[in-house]
Amino acid sequence: MINFINVILPIPLQKLFTYRITAAEADFIKIGSRVAVPFGKSKIYTAIVFELHSEQPTAYEAKDIFQILDEFPIVTGPQLKHWQWISSYYMCSLGDVLRASLPKAFLLESETLVLKNAAFDQVSILNDDEYLIWEALEHQSKLKIQDIGKILDRKGVLTVVNSLLSKEVIEVKEEIYEQYKPKFVKYLDLHPTHQTDDQLHQLLDNLSKAPKQREALLLFFQLKQGNDAPVLRKKLLDKGISAAVIKALVEKQVFEQSEIREDRVSFDTEIKMIHELNEYQAKALSGIKAAFDEKEVCLLHGVTSSGKTEIYSHLIAETLEQGRQVLYLLPEIALTTHIISRLQHFFGDKIAVFHSRYSVDERVEVWNNLVNRSEKAQIVLGARSSILLPFTDLGLIIVDEEHETSFKQFEPSPRYHARDAAIMLGHLHRAKVLLGSATPSVETYHNAKQQKYGYVALNRRYKDVQLPEIELVDIKEKHRKKRMKGHFSDRLLLLIEDALAEKEQVILFQNRRGFSPIVECSTCGVAPQCPNCDVSLTFHKFNNELKCHYCGHHQALPKTCPACENPTLDSKGFGTEQIELELKELYPETKVARMDLDTTRGKYGYQKLLRSFHDQEIDILVGTQMLTKGLDFKNVSLVGVLNADNLLNFPDFRAHERTYQLMVQVSGRAGRDEKRGKVAIQSFNPYHQILQQVTTHDYDTMFKDQLNERHQFLYPPLVRLVRIVLKHKDFIKVEGAANWMGRSLVNSFGDRVLGPTSPSIGRIRNKYIKSILIKLPEKISLNQSKGQIQKIKDSFMSIPDYRSVQVIIDVDCY
């Protein structure tokens, strides 16, 4: 007899929880469906059924489930296996994976309701606040906690509620509420009593004394234009007809109103033929298919603007013909906007898009379409969270710009890498995985060299356009000769002027937003610091305030130095905002725009900016690394990098690799049509080997140099990295905890443990941070090592003094 279910709860605890079910419920409940279960004293959570069994738990008495929420599963079998792999590999709980995967609307939570105790009659013992609540419950059967807050006109109401409970004035209960609301669109049609010509003439005569209603009816006929389909109510409203007039016509039975459920996001259905491939693209496509015959994963190493998207389109079309689904992973939300506009011409409304800028309701619809195998979700385009969706029969996964760091999730848990998780997802579905990049990560290229992945190179640009001409500008020399104007060398300004004279567009790259990263007193040298983090505040001139980019703290720019009250405050360094203002001063007639986190916060922020640039309404676009990823603008002839040294000198073992990737990617935005583009890279050290390799597009030499360095100092892909981060508000406590953890790890792993050390920013959001890095060689079992780390963590958490210290384990932390 099946009497119990194990469920995954959306809480960060490692184990599954067992609940009791009846025989009737056992026949109805399916693995992957949602159930509401009691947890703790009064809370009710949404849980996912993981397995059905008949073994009673020994450690505790199983509770009954509260309610079955789904008739059919909303989580698929392969998806549950994928969640298990993520939980195991990245050392996090299944609850963390569940919370990251399910749109919030699926995680129904309980709400506390306050009800009157009918037996209570001693009103005289109540104080003023308590009497107000009692009086409200005389008129209403139940109140929510936020309703009580409104009645008392304050936020902290729990003391009043607790007092009422102790006096037995009220009772409380938990109620589950549904968050997702489907979208219904209202349509209007003529009432069946007005179908013949005579009836219509009679109707118009009857409305002669109601001119606005008559006008609405005539407009309705105009919109209908002999079409049998009903008219969208919104069209009449957009034409100036009021809602009151439409309501009156419905009540008079002139119109018949109906509601039709629609998806919140849909794309054009006008289909065009996929472009024919050129000789080199066709050769690459056949090479990929041959690689897929032998291996599940293939790397497409194609130079920028070689037409990789066209190859992807052909592979997608072939997968759809087999009746299987496609997942197209992109590193940036900005890029999804750009790729949708290209793919929807070929695949129409078969595309679904999933990323964090979409509302909860929009994400629920994508989820439901996938579970139901809808025509509208055969191709899913999205950022890294898309790998957690409920695919039923995945045939192809494309990871575009696979080298991008934004595929790695850092906060919150699970800290997965979407590229690696996509390869495992492909394995579970027996799907093919294509990794595409002009500058593959060292790890991926190493795997291709080791024959673990298939490998296909595409070295010709589309239409045989030459790769851009890259010029290094020595700004140390330019400063010495006084040939700098602001942050621009004379050479870069000359190239900008030439491009503008030819009516061509310019992209300028600076990988730091804001006006300047530091504001400093010229007398005493004090710079305003964030009160919550060990970092100086960044100056944003647009709203004249100082901001912390780590915790969000912001304050007005002081008029005098907070230490010595001297009025002379200087800004040090520069960001995209300063570059934008300098350009507006240099070229007042030119349209300049900025693309960074500050200007693209809205849902359609990327879309509007990219469309304006595509339509050539913007001449110069200044931006951060959002600009470097896969964008395709035919009229861009010049790309300028304002300072390459910040990237090169970043304290990270991948700094040189990332600089090469970023420089080549941003260079690839230039000259994508027929004319050869130009790139100017400003640097204080133009003879640096990485910058020299960028100018010659010499990826192989860069790869060999990086691999030699990593052999020497033991870094991936030759070892696995696991980082353990400890956080606490008390510095002494976190210091002691880190030393204990460090000693325990050294006992198990010896000299492969680095640390504990404080990172470059040692305090964020008022929590002090200590970091320990463990290097695990390939020959040592990763699972055994992780098991040992978990045992040390469990021992650590059993020490009373250290229980309040937050411990974060990040596997593959780069």
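Structure: see above.
Note that the structure is predicted; figures quoted are calculated from it, not measured.

## What to know about the sheet that holds strand β32 (residues 678-683)
Strand pairing in a sheet relies on backbone hydrogen bonds. The paired strands run either parallel or antiparallel. Here we have six strands laid out as an open sheet, ordered β20-β32-β31-β23-β30-β29, and parallel in their pairing. Edge strands, defined here as strands with exactly one partner in the open sheet, are β20 (469-474) and β29 (592-595). When the angles between neighbouring strand axes are averaged without regard to direction, this sheet yields 20°. Examined bridge by bridge, strand β23 (residues 505-509) and strand β30 (residues 620-623) share four bridges and lie parallel to one another. Across the sheet, residue I507 finds its bridge partner in β30, namely L621. Seen against the sheet, helix α20 (residues 605-614) touches β23, β29, β30 and β31 (636-641) and runs at an angle of roughly 145° to β29.

## Comments concerning the pattern of salt bridges
Inspection of the entire model under this criterion finds 27 salt bridges. R20 is the salt-bridge partner of D64, the closest N and O atoms lying 3.0 Å from each other. Separated by 44 residues along the polypeptide, D64 in strand β5 (residues 63-64) and R20 in strand β2 (residues 17-20) bring together distant segments of the chain. On the basis of relative accessible area, D64 is assigned to the partly exposed category, the value being 44%. E411 is the salt-bridge partner of R415, the closest N and O atoms lying 3.3 Å from each other. Using a relative accessible area of 9% as the deciding quantity, one classes R415 as buried. You can call E411 partly exposed: its relative accessible area is 47%. Residues joined in a network through salt bridges with shared partners are E443, R654, E657 and R710.

## A few points about unusual backbone geometry
A cis amide bond links S413 with the next residue in sequence, P414, at an omega value of 5°. Inspection of the secondary structure assignment puts P414 in the loop between β17 (394-400) and α15 (418-429). With an omega of 15°, the peptide bond between P716 and P717 qualifies as cis. With respect to the helices, strands and loops of the structure, P717 is situated in the loop between α24 (699-713) and β33 (719-728). We note that N544 has phi near 55°; this positive angle belongs to a residue other than glycine. Inspection of the secondary structure puts N544 in the loop between β25 (538-540) and β26 (545-547). Note on N544: relative accessible area 41%, which makes it partly exposed. Here the phi dihedral of N766 falls at roughly 65°; this positive angle occurs in a residue that is not glycine. Inspection of the secondary structure puts N766 in the loop between β35 (763-764) and β36 (767-777). On the basis of relative accessibility, which here comes to 33%, the residue N766 falls in the partly exposed class.

Quick notes on the rules
- Residues numbered from 1 in each chain as written.
- Predicted model: local features only at pLDDT ≥ 70, side-chain atom pairs only at ≥ 80, totals over all residues.
- Heavy atoms only, no water.
- Pairing = 2+ DSSP bridges.
- Helix = DSSP H or I, 4+ residues; strand = E, 2+ residues; numbered from the N terminus.
- Axes fitted to C-alpha atoms, helices over the stretch in contact; angles between N-to-C directions.
- Contact = heavy atoms within 4.5 Å.
- Salt bridge = Lys/Arg side-chain N within 4 Å of Asp/Glu carboxyl O.
- Buried < 20%, exposed > 50% of the residue type's maximum accessible area, 1.4 Å probe, protein only.

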